[in-house]
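So you can see what is in the structure, the chains are spelled out below.
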Amino acid sequence: MSSQIPVRQVDPNTDGPSDNKKNKPETVELYASRKKIYVREVKGLFQRIRNVSLTALMGMYFLFVWITVDGDPLIHFDLPAREFHLFTMTFFPQDFFLLAAMLIICAFGLFFITTLFGRVWCGYTCPQTVWTFIFMWVEERIEGSRNKRMKLDRAPNSPEKMARKSAKHAAWLLIALATGVTFVGYFYPIRDLLGDLATLNANGWAYFWVGFFTVATYLNAGWMREQVCLYMCPYARFQSVMFDRNTRIVSYDPNRGEPRGSRKKSADPEELGLGDCIDCGLCVQVCPTGIDIRDGLQYECIGCALCIDACDSVMDKMDYPRGLIRYTTENELEGRPSKLLRPRTFGYGALLMLMIGAVVITIATRVPVELDVIRDRGALFSYNNNGWIENTYTLKINNMAEVPRDFRIELGGIDSARLLRGQEPVQVDPTAQRSVPVVVEVNPEDLSDINTAIIFRIEALDNAEITDETDSRFVGPRPR
Ligand code: SF4
Ligand code: SF4
């Protein structure tokens, strides 16, 4: 049942009920049922650009999961091993600050692009747009053009209608399933996943996530479409704060188009007192969110530029110049010059460059080894036959490289500190951690306190720059 709240018309000038509506409550509907949008297919420059971006993105998404380098997947998020393999680099949970930094870079990249060109992310690369356009393309191939689809939906059930609808949903489900399997394939090697799914030997979570992403893709791109952009995506709500009078967005030129009105191609619009808009409504019919760009900037506009392609085709037919709907700025529409570079683009751009630089330097100078030292808390210390004091530790050496490595252990901080156990180089497998028990002896004369700082250092035998060190404490008797 829809919710209704009785309201009274208020006159903004008198701050009270307007005279003619006094004491006449009106009902405002807070629930608007969805009207199905039948998007008309259109060809043109911007649709071609999107086809290229869509093919490139889809190609990467569906192909990368199959690519291996030296037997290892190009991209693999190995959650059980807590290892993340990306383009021959391996990251560990302790590298998560890099992930956070990359997410911040993506956010600033989005802000930067949005201040310059509005919602190009939404129009050309957002997964919701990409999958929706694929699903719409399939729909057009199976059910036909916009008019045919509207006719088919109005027609009573018939074998042909059932066959077309079933074929469309089967095709959608197949694409959604391929999407779900591919997504899970980034976490569960795809070849194993397909084999395990086929033989019903896959992990229960694999079935769950494949099912989840299949259903989510099918519903989002097949059924919900623009509803996701209008009601679920937060970006649409705050994008307007990034726009200014110099942001280049898809806009209708009312100075040129108005007054709108139909006319024959041979008619002179000036004689008729008309602008260039022939009020054909094509720009509305091709809009995936069902809005009329001629009403001005609206948060529903995802910047897909289909209305530009549609209107340009109309202008071509009428022999009018193209660009009644075009990428332009508010300033240009008002006949003022537009600035590409302005304080906010400099601000976002500078921050973006700084953060990209910091992440690149961090990754480039990242040392692929990590040392952790745990002191044996079972025994504080012991004396050996030489009268020296011994402490026991466990060294955890984490080799983050894709090759096995031998490491030498060295001590520092206390002059006489020597290894009694752990002098031999330690070999650690690729992307593996090894625990090494070590015993350290120290001349008691070197200890000025019951608790003295000691430094453990490891160094790769094949590369002296691959090194890490960490502090611990050496415990001894109270000095006399
Ligand atoms: S497509 Fe162009 S000419 Fe047709 S209604 Fe839209 S703005 Fe006017
Ligand atoms: S008005 Fe519609 S068709 Fe035009 S760019 Fe916005 S979403 Fe796309």
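Fair warning: this is a prediction, and the values are worked out from it, not measured in the lab.

### Section: the packing of helix α4 (residues 127–143) against helix α6 (residues 159–185)
The axes of two packed helices give the description: the angle between them and the distance between them.
Phase 1 of the analysis: Where α4 meets α6, the closest approach of the two axes is 9 Å, and the angle between their N-to-C directions is 150°. Taken together, the axis directions place α4 and α6 in an arrangement best described as roughly antiparallel. Crossing hand, α4 versus α6: right-handed. Contact with α4, carried on its side by Trp131, Ile134, Phe135, Val138, Glu139, Ile142 and Glu143, involves Arg164, Lys165, Ala167, Lys168, Ala171, Trp172, Ile175, Ala176 and Thr179 of α6 and no other residues of that element.
Phase 2 of the analysis: Of the residues in the contact of α4 with α6, the class split is 10 nonpolar, 1 polar and 5 charged.

### Topic: the UniProt feature "transmembrane region" (unreviewed entry) in the chain
Phase 1 of the analysis: According to UniProt, the "transmembrane region" (unreviewed entry) feature falls on residues 52–69, 96–117, 170–190, 202–221 and 346–365.
Phase 2 of the analysis: Note that residues 52–69 is 72% helix and 11% strand, and that its end C-alpha atoms are spaced 27 Å apart.
Phase 3 of the analysis: In this annotation, residues 170–190 is assigned 81% helix and 0% strand; the end-to-end C-alpha distance for the span is 23 Å.

### Some points on the nonpolar core
Phase 1 of the analysis: Within the largest apolar cluster, 62 residues are counted, with the highest numbers of intra-cluster contacts made by Leu193, Val250, Ile293 and Ile325.
Phase 2 of the analysis: Excluding residues that lie within four positions of it along the chain, valine 250 makes contacts with Ile293, Gly303, Ala305, Cys307, Ile308, Ile325, Arg326 and Tyr327.
Phase 3 of the analysis: Residues Val369, Leu395, Ile397 and Ile414 belong to the second largest nonpolar core, which totals 25 residues.

### Structural notes on helix α14 (residues 306–318)
Phase 1 of the analysis: Given a rise of 1.5 Å per residue, 13 residues ought to cover 18 Å, and the 19 Å separating the end C-alpha atoms of α14 matches this to within 8%.
Phase 2 of the analysis: Judged by how many residues are buried, α14 sits mostly within the fold: 10 of 13 residues are covered.
Phase 3 of the analysis: Among the residues making up α14, those that are buried are Leu306, Cys307, Ile308, Asp309, Ala310, Cys311, Asp312, Val314, Met315 and Met318.
Phase 4 of the analysis: On its buried face, α14 sits against α1 (45–64), α4, β10 (249–252), α11 (254–257), α13 (282–285) and β11 (325–328).
Phase 5 of the analysis: Aspartate 319 lies just past α14 and shows a positive phi near 60°.

### Things to note about the pattern of salt bridges
Phase 1 of the analysis: Inspection of every chain in the model, using the stated rule, returns 31 salt bridges.
Phase 2 of the analysis: When the shortest N-O distance is used, the salt bridge between lysine 165 and glutamate 143 registers 3.2 Å. Placement of the pair is lysine 165 in helix α6 and glutamate 143 in helix α4, with a sequence separation of 22 residues.
Phase 3 of the analysis: According to the relative accessible area criterion, lysine 165 is buried, its value standing at 17%.
Phase 4 of the analysis: A salt bridge links glutamate 330 to arginine 245; the shortest N-O distance between them is 3.1 Å. Residue glutamate 330 is found in helix α15 (residues 330–333), and its partner arginine 245 is found in the loop between α10 (235–238) and β10; the two are separated by 85 residues along the sequence.
Phase 5 of the analysis: Classification of glutamate 330 by relative accessible area gives partly exposed; the value is 39%.
Phase 6 of the analysis: A residue is classified by how much of its surface remains accessible, and arginine 245, at 32% relative accessible area, is partly exposed.

### Things to note about the site of ligand 1
Phase 1 of the analysis: In the vicinity of ligand 1, the contacting residues are Tyr252, Cys277, Ile278, Asp279, Cys280, Gly281, Cys283, Arg294, Cys311, Met315, Leu324 and Ile325.
Phase 2 of the analysis: Among the residues forming the shell around ligand 1, the class breakdown is 9 nonpolar, 1 polar and 2 charged.

### Focus: the domain arrangement of the chain
Phase 1 of the analysis: Structurally, the chain comprises domain 1 (1–33), domain 2 (244–333) and domain 3 (369–475).
Phase 2 of the analysis: The centre of domain 2, based on its C-alpha atoms, is set 73 Å off from the matching centre of domain 3.

### Details of the layout of surface pockets
Phase 1 of the analysis: Taken as a whole, the largest pocket holds about 1400 Å³ of empty space.
Phase 2 of the analysis: As for the largest pocket, its lining consists of 35 residues, of which Tyr61, Phe77, Trp121, Pro127 and Phe183 are closest to the centre.
Phase 3 of the analysis: Contributions of two or more residues to the lining of the largest pocket are made by α1, β7 (75–78), β8 (83–86), α2 (96–117), α3 (120–125), α4, α6 and α8 (204–224).

### Considering the side chain of threonine 452
Phase 1 of the analysis: Residue placement: threonine 452 occurs in strand β19 (residues 451–460).
Phase 2 of the analysis: Classification of threonine 452 by relative accessible area gives buried; the value is 13%.
Phase 3 of the analysis: Beyond its immediate chain neighbours, meaning those up to four positions away, threonine 452 contacts Ile414, Leu447, Ser472, Arg473 and Phe474.

### With respect to the sheet that holds β7
Phase 1 of the analysis: The strand order across the open sheet formed by 3 strands is β7-β8-β9, and the pairing between neighbours is antiparallel. Every interior strand has two partners, whereas the edge strands, β7 and β9 (89–91), have only one. Between one strand axis and the next, the sheet turns through 15° on average, direction left out of account.
Phase 2 of the analysis: Relative to β9, β8 is paired through 3 bridges, and the arrangement is antiparallel. Bridge pairing in β9 places leucine 86 opposite methionine 89.

Reading guide: rules and limits
Residues numbered from 1 in each chain as written. Chains lettered and ligands numbered in written order. Predicted model: local features only at pLDDT ≥ 70, side-chain atom pairs only at ≥ 80, totals over all residues. Heavy atoms only, no water. Axes fitted to C-alpha atoms, helices over the stretch in contact; angles between N-to-C directions. Helix = DSSP H or I, 4+ residues; strand = E, 2+ residues; numbered from the N terminus. Parallel < 35°, antiparallel > 145°, perpendicular 65-115°, else oblique. Left-handed = near helix turned anticlockwise from the far one by under 90°. Contact = heavy atoms within 4.5 Å. Nonpolar A, V, L, I, M, F, W, Y, C, P; charged D, E, K, R; others polar. UniProt positions renumbered as here; feature names shortened; annotations may be inferred. Core = buried A, V, L, I, M, F, W, Y, C linked by side-chain atoms within 4.5 Å. Buried < 20%, exposed > 50% of the residue type's maximum accessible area, 1.4 Å probe, protein only. Expected span 1.5 Å × (residues − 1). Salt bridge = Lys/Arg side-chain N within 4 Å of Asp/Glu carboxyl O. Near = heavy atom within 4 Å. Domains from an automatic or database assignment. 1 Å grid on protein atoms, 1.4 Å probe; cavity = no way out; pocket = protein on both sides within 12 Å on 5 of 7 lines; lining within 4 Å. Points joined across faces, edges and corners; volume = space filled by probe spheres on them. Pairing = 2+ DSSP bridges.

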